[in-house]
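# A look at the structure
Here are the chains, one letter per residue:
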2 protein chains.
Amino acid sequence: MFKFHLITKDGKARRGRIYTPHGVIETPVFMPVGTQGTVKAMLHKLLDEIGTQIILGNTYHLYLRPGTEIIKKAGGLHRFISWNKPILTDSGGYQVFSLAKGKFGNRKAKVKVSDEGVEFQDHLQGDKHFFTPEKVVEIQEIFGSDIMMPLDECVEYPVDKNYAEKALKRTINWLERSIKAKKREDQVLFGIVQGAFWKDLRKKAVEETLKFDEFLFGYSIGGLSVGEPKEIMYGMTEVVCELLPEKKPRYLMGVGKPEDILEAVERGVDMFDCVVPTRNARTGTLYTSQGVVDIRHSKWKEDFSPLDPECDCYTCRNFSKAYLRHLFVAEEISAYVLNTIHNLRFYLKMMEEVRKAIEEKRFKELKEKYLQRVKNKL
Amino acid sequence: MFKFHLITKDGKARRGRIYTPHGVIETPVFMPVGTQGTVKAMLHKLLDEIGTQIILGNTYHLYLRPGTEIIKKAGGLHRFISWNKPILTDSGGYQVFSLAKGKFGNRKAKVKVSDEGVEFQDHLQGDKHFFTPEKVVEIQEIFGSDIMMPLDECVEYPVDKNYAEKALKRTINWLERSIKAKKREDQVLFGIVQGAFWKDLRKKAVEETLKFDEFLFGYSIGGLSVGEPKEIMYGMTEVVCELLPEKKPRYLMGVGKPEDILEAVERGVDMFDCVVPTRNARTGTLYTSQGVVDIRHSKWKEDFSPLDPECDCYTCRNFSKAYLRHLFVAEEISAYVLNTIHNLRFYLKMMEEVRKAIEEKRFKELKEKYLQRVKNKL
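Criteria and thresholds
Residues numbered from 1 in each chain as written. Chains lettered and ligands numbered in written order. Predicted model: local features only at pLDDT ≥ 70, side-chain atom pairs only at ≥ 80, totals over all residues. Heavy atoms only, no water. Helix = DSSP H or I, 4+ residues; strand = E, 2+ residues; numbered from the N terminus. Rg over C-alpha atoms; globule rule 2.2 N^0.38 Å. Buried < 20%, exposed > 50% of the residue type's maximum accessible area, 1.4 Å probe, protein only. Contact = heavy atoms within 4.5 Å. Lys, Arg positive; Asp, Glu negative; His and termini not counted. Charge placed at Lys NZ, Arg CZ, Asp CG, Glu CD. Least-squares fit on C-alpha atoms with pLDDT ≥ 70 in both. UniProt positions renumbered as here; feature names shortened; annotations may be inferred. Salt bridge = Lys/Arg side-chain N within 4 Å of Asp/Glu carboxyl O. Pairing = 2+ DSSP bridges. Right-handed = clockwise from strand over helix to strand, strands pointing away. Axes fitted to C-alpha atoms, helices over the stretch in contact; angles between N-to-C directions. Polar contact = N/O pair within 3.5 Å; in protein donor to acceptor, adjacent residues only side chain to side chain.

### Some remarks on the overall build of chain A
A tally of regular secondary structure across chain A gives 14 helices and 16 strands. Its C-alpha atoms give chain A a radius of gyration of 20 Å, within 12% of the compact-globule value 21 Å for 378 residues. Taking the principal axes of its C-alpha atoms as reference, chain A extends roughly 60 × 50 × 40 Å. When each of the 378 residues of chain A is scored for burial, the buried share is 64%. Of the contacts formed within chain A by residues at least 6 apart in sequence, a portion of 65% connects residues at least 24 apart. Where the 61 positive side-chain charges of chain A centre and where its 53 negative ones centre are 1 Å apart.

Pasting the structure below:
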């Protein structure tokens, strides 16, 4: 039912294929984020049109709203949201630990972590909840997501090394409990490698996680892209990838900007998710083959050329920068939709080219091309 | 280039066809409102999918933003917004006279009307502008809309009869000036029949407008649906339709709810526009074959059936009421898009059925069916 096939490599960059009950995923893959059961400002059919292979759902958000009970009655998340391709759900850990920083709704909430689990007040009603590894698996088994994540403890940047090690151990302990709690055969679990910003901790995290290798379909690299310098992110990714088994997929959680994805692919990562393309679309920052466009800028007022002449998306094939700017300035909903179609297509097309380049052993060249593109501000 | 063909009638209800340089329009027709060059929360291709024949643009809004200059440089409104089907633009009169009531931006602006034209401060920057019949024609000739409206003076409900008569005369005078100002041959002008809420004034308005019949492609009925009782709206529509020539299309401006459209079709109206389906979609009020649904209501929380089992739109073919409610409560942009697709499809399908029913001489029966539907609150 589930299988990972490593097709070929170009240096450390990997070209693979994941088989799931809801379809095949060509890797390296970018997974658009469907936080609350919809990718923001998109429709499922628009996702299909731009070549989306899998979407991500956030356990924290879906658990709160519409709630596990409704998704259960609907017959699972795929049926509730009418999405028939693969779904990956996170563990909610990242969101819960973000609450303490006031990430949602600008209100800092109390988050209390213990070996048993994590207690938190939600950002909607302020109700108290308690997430344990067992509960998080149970929720995701109700969702029926193809790929699930175990509860992990995410630490901030910067963090005390002793605390980071404690969080690492807790994450391993929670992984073991998650594996024990898991019942469904038609879903797979990843192990999450923590270890913050120290190579020795990352190595230790891999070693400890690998002890459960037989129960894990793949490996996630967690705790990065949380404010640390890029070199640290790339360095940690490199250390972890070198120690992970070749035959299983690797997922760099929450990453990232195009340049981050390319650097991580080069180091051997297969899967990515990030809100950057969709969020930037809604604030007017658009990626193109010529460089990055701030569509709000008055310089586009009378520019009747397409946003990206090399892009094949609906937005670029039909509309001008002048029109897109007008819609954005006029705060039309269609601006957010058209921008999101484009930014996601830019990401997905980049991944298509990445896969082809790895097959043809010219990944480095492609990477340089894209790095130039995203460096250029138009 | 332009032609109106009255195909058949059922009582006073008319089945017709309008030929324009951008395509054929089957009537009676509902025209979705694309205020700022986009139908709110829609994409052009979604409009195509639900059978949109023509959209409306608002001269007032487009004149302010992006501005006439940009639309001119783009090569007209069709090219600026990349919409290849017919476009009707209003004269901006209704919006300008609404400014005095604080309709936009909750700030009452000064509006000064004279025989020469109307001076107003816009709702965006508060800048002063002066619209004359000539200027409004000039703007619409730059837009290149297929069907244009002459500047008219809209009065409120209630209004003093003497003032209403004065406004009527001014509207006729402005029509004459509009005709003189009109240059382009690939656009047509309608005459707007005012006369407020008195049958004798409406009759007089028709008589005066008909004097320019040779220059007019069709007739608009203005100044209704502004707060007057329904019977008055229907009564005025009836009086006007009885006096208008059979061989030209009739457009009831800004109308309306499904029941208003049906009553007006019965009295001989061919064309309609209204923000009701799109605005209601964004506030969660949805029309269905079973009745009107408030999608926010908790009663839909676990209702996994489609919004409207008889509807063929993307929303109804794919998603449940429970999912639509979830998206709406979660304030997802996709909620507004999915709701708008459905409400507009409901309107357009109703018009398709209206046309078929007129052809088959069973309009009254169809009207009763729809009146029952929209009366029923689910």
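Continuing now.
### Re the relation of the copies chain B and chain A
Each copy of the sequence occupies a distinct position, and chain B is placed on chain A by a rotation of 180° and an axial shift of 0.0 Å, giving an RMSD of 0.0 Å. Taken together, the rotation angle and the small translation identify this as a two-fold axis. Rotation axis and chain B: the residue whose C-alpha lies nearest the axis is isoleucine 333 of chain B, separated from it by 3.7 Å. Of all interface residues in chain B, 100% are interface residues in chain A too; the two copies therefore contact each other through one and the same surface.

### Some points on the UniProt feature "binding site: substrate" in chain A
Residue and element names in this part refer to chain A. This chain's UniProt record puts "binding site: substrate" on Asp90, Ser91, Gly92, Gly93, Tyr94, Asp152, Gln194 and Gly223. Relative to the helices and strands, glycine 92 resides in the loop between β6 (87–89) and α4 (93–99). Overall, the relative accessible area of 0% leaves glycine 92 in the buried class. With near-sequence residues (within four places) excluded, glycine 92 lies in contact with Thr59 and Tyr60. Relative to the helices and strands, aspartate 152 resides in the loop between β10 (147–148) and α6 (161–181). What makes aspartate 152 buried here is its relative accessible area of 3%. For aspartate 152, the residues in contact, after removing those within four places along its chain, are Ser91, Gly93, Phe97, Thr171, Trp174, Ile192 and Gln194.

### Some remarks on the pattern of salt bridges
Residue and element names in this part refer to chain A. Throughout the structure, instances matching the rule amount to 74 salt bridges over all chains. The salt bridge involving lysine 85 is made with aspartate 48; its shortest N-O contact spans 2.9 Å. You can see lysine 85 sitting in the loop between α3 (77–81) and β6 and its partner aspartate 48 sitting in helix α1 (residues 44–49), a full 37 residues away along the chain. Residue classification places lysine 85 among the partly exposed residues on the basis of a relative accessible area of 26%. On the basis of relative accessible area, aspartate 48 is assigned to the partly exposed category, the value being 38%. For aspartate 213, the salt bridge identified is with lysine 248, shortest N-O distance 3.2 Å.

### Things to note about the pairing of strand β12 (residues 218–221) of chain A
Residue and element names in this part refer to chain A. The two faces of β12 match: Gly218 and Ser220 on one face and Tyr219 and Ile221 on the other face are all buried. Strand direction decides the pairing type here: strand β11 (residues 188–193) and β12, joined by 4 bridges, are parallel. Paired with glycine 191 across the bridge in β12 is tyrosine 219. For the crossover from β11 across helix α7 (residues 199–210) to β12, the handedness is right-handed. The sheet contact formed by β12 and strand β13 (residues 250–252) spans 3 bridges and is parallel. Its bridge partner lying in β13, tyrosine 219 is registered against arginine 250.

### Regarding the sheet that holds strand β13 (residues 250–252) of chain B
Residues and elements named next belong to chain B. The sheet built from 8 strands is open, its strands ordered β4-β14-β13-β12-β11-β10-β6-β5 with parallel pairing. Of all strands in the sheet, those with a lone pairing partner are β4 (29–31) and β5 (55–57), marking the two edges. Along the sheet face, helix α13 (residues 333–359) touches β4 and β14 (271–273) and points at about 160° away from the line of β4.

### Points about the environment of threonine 20 of chain A
Residues and elements named next belong to chain A. Summarising the element assignment, threonine 20 is placed in strand β2 (residues 13–20). Judged by its relative accessible area of 9%, threonine 20 is buried. The residues touching threonine 20, leaving out its near neighbours within four places in the chain, are Met1, Phe2, Ile25, Pro86 and Asp146. In terms of polar contacts, threonine 20 uses its side chain to reach the backbone carbonyl oxygen of glycine 23, at 2.8 Å.

### Focus: the environment of tyrosine 370 of chain B
All names here are of chain B. Mapped onto the fold, tyrosine 370 is located in helix α14 (residues 363–375). Overall, tyrosine 370 belongs to the buried group, its relative accessible area being 2%. Taking the C-alpha atoms as reference points, tyrosine 370 and glycine 102, separated by 268 residues in sequence, lie 34 Å from one another. Setting aside residues no more than four positions away along its own chain, tyrosine 370 makes contact with Leu262, Phe346, Lys349, Met350 and Glu353. For tyrosine 370, the side chain forms a polar contact with the side chain of glutamate 353, separated by 3.2 Å.

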